[in-house]
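Chain by chain, the residues run as shown.
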Amino acid sequence: MEALQAYNIRFSGLKNGFHYFDFEIGSDFFNQFDGSLVKNAVLQVALELERKTSGLVLQFKLTGWLELPCDRCLKQIQVPVSGDAELVVKLSAEPGESTDNLWFLPITAYEINVGQFLYETISLMVPLRVLCRPEDSNSCQADFEALMQQYDGSAAKEEEDGDIDPRWEKLKNLKLN
């Protein structure tokens, strides 16, 4: 979990107002989480932190790519992703029930780790269906089209040879109105 220490934000010494932080996320980040779909990625995170008397408002902007397996051919492909996320942190003496985008911290807290929040946000950015791009020369779509041409050509070759089942020959004489 030492890799997640880079995502600690010490807010105790910050004055009220806006503060900006930048993070880079790579494969080391995703290796910290068991069962992660993403093994390799390059993401840039721009964080705008608004410090208020009663808490924090964190605005995240994420851009980059994730390396994911294609759902058809299982080749590793780079999928571009981008998105925004917001996290509101309230400092209170009474512990509240935290939700996805609202966290409660005790007044005595002096720093926050946003690593888990970033992981969950990136996991939600993974597309439901990951496919190779058709314009790529080594895409699975090109492989599929090559296979289809191979099998389409063999059916035409059988017709030319005249080895047609006589039952099908009778159907050719059938005329539809």
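Here, the structure is the one placed above.
Keep in mind that what you see is a predicted model, and the values were worked out from it rather than measured. (Residues numbered from 1 in each chain as written. Predicted model: local features only at pLDDT ≥ 70, side-chain atom pairs only at ≥ 80, totals over all residues. Heavy atoms only, no water.)

Can you walk me through the packing of aromatic side chains in this structure?
Pairs of aromatic rings are described using the distance from one ring centre to the other and the angle between the two planes. Tallied over the full model, the rule gives eight aromatic pairs. Taking the centre distance of 5.1 Å and the plane angle of 70 degrees together, the rings of Tyr 7 and Phe 29 count as edge-to-face. Placement of Tyr 7 in the segment before strand E1 (8–10) and of Phe 29 in helix H1 (residues 27–31) is noted, with a sequence separation of 22 residues between them. Here Phe 33 and Tyr 119 contribute two aromatic rings whose centre-to-centre distance is 4.0 Å and whose plane-to-plane angle is 10 degrees, an arrangement assigned as stacked. With Phe 33 in the loop between H1 and strand E3 (40–51) and Tyr 119 in helix H2 (residues 115–125), the pair connects residues that are 86 residues apart, well separated along the chain. On the accessibility criterion, Phe 33 (10% relative accessible area) is buried. For Tyr 119, a relative accessible area of 14% translates into the label buried. An aromatic cluster is built from Tyr 7, Phe 23, Phe 29, Phe 30, Phe 33 and Tyr 119, whose rings are joined through pairwise contacts. (Phe/Tyr/Trp six-rings, centres within 6.5 Å; stacked < 30°, edge-to-face > 60°. Helix = DSSP H or I, 4+ residues; strand = E, 2+ residues; numbered from the N terminus. Buried < 20%, exposed > 50% of the residue type's maximum accessible area, 1.4 Å probe, protein only.)

Would you take a moment to explain the nonpolar core for this structure?
Across soluble globular proteins, nonpolar side chains show a tendency to be buried alongside one another. Ile 25, Phe 29, Phe 30, Leu 58, Phe 60, Leu 66 and Leu 118 are the most contacted members of the largest nonpolar core, which totals 43 residues. At the level of elements, strand E2 (17–25), H1, E3, strand E4 (55–69), strand E5 (76–92), strand E6 (102–106) and H2 are the ones that each hand at least two residues to this core. In terms of residue count, the dominant contributor to this core is E5 (seven residues). (Core = buried A, V, L, I, M, F, W, Y, C linked by side-chain atoms within 4.5 Å.)

Please clarify how the state of the cysteines should be interpreted in this entry.
A covalent bond between the sulfur atoms of two cysteines is referred to as a disulfide. Evaluated as defined, the whole model comprises zero disulfides. Of all cysteine sulfurs, the one in Cys 132 lies closest to Cys 70, which takes part in no disulfide; the gap is 3.6 Å. We classify Cys 70 as buried; its relative accessible area is 0%. (Disulfide = S-S within 2.5 Å.)

It is not clear to me how the environment of Glu 67 should be interpreted in this structure. Could you clarify?
With respect to the helices and strands, Glu 67 occurs in strand E4. When the C-alpha positions of Glu 67 and Val 42 are compared, they lie 8.7 Å apart, and in sequence the two are 25 residues distant. Once residues lying within four places of it in the same chain are set aside, the contact partners of Glu 67 are Lys 39, Asn 40, Gln 76, Ile 77 and Gln 78. (Contact = heavy atoms within 4.5 Å.)

Please explain the sheet that holds E3 as it appears in this structure.
Working definition: the strands of a sheet are paired by backbone hydrogen bonds and lie parallel or antiparallel to each other. Spatially, the five strands line up as an open sheet ordered E2-E3-E4-E5-E6, and their pairing is mixed. Unpaired on one side and paired on the other, E2 and E6 mark the two borders of the sheet. With direction set aside, neighbouring strand axes in the sheet form an average angle of 20 degrees. Bridge analysis of E4 against E5 gives 15 bridges, and the strand direction is antiparallel. Looking at the pairing, Thr 63 lines up with Ser 82 of E5. (Pairing = 2+ DSSP bridges. Axes fitted to C-alpha atoms, helices over the stretch in contact; angles between N-to-C directions.)

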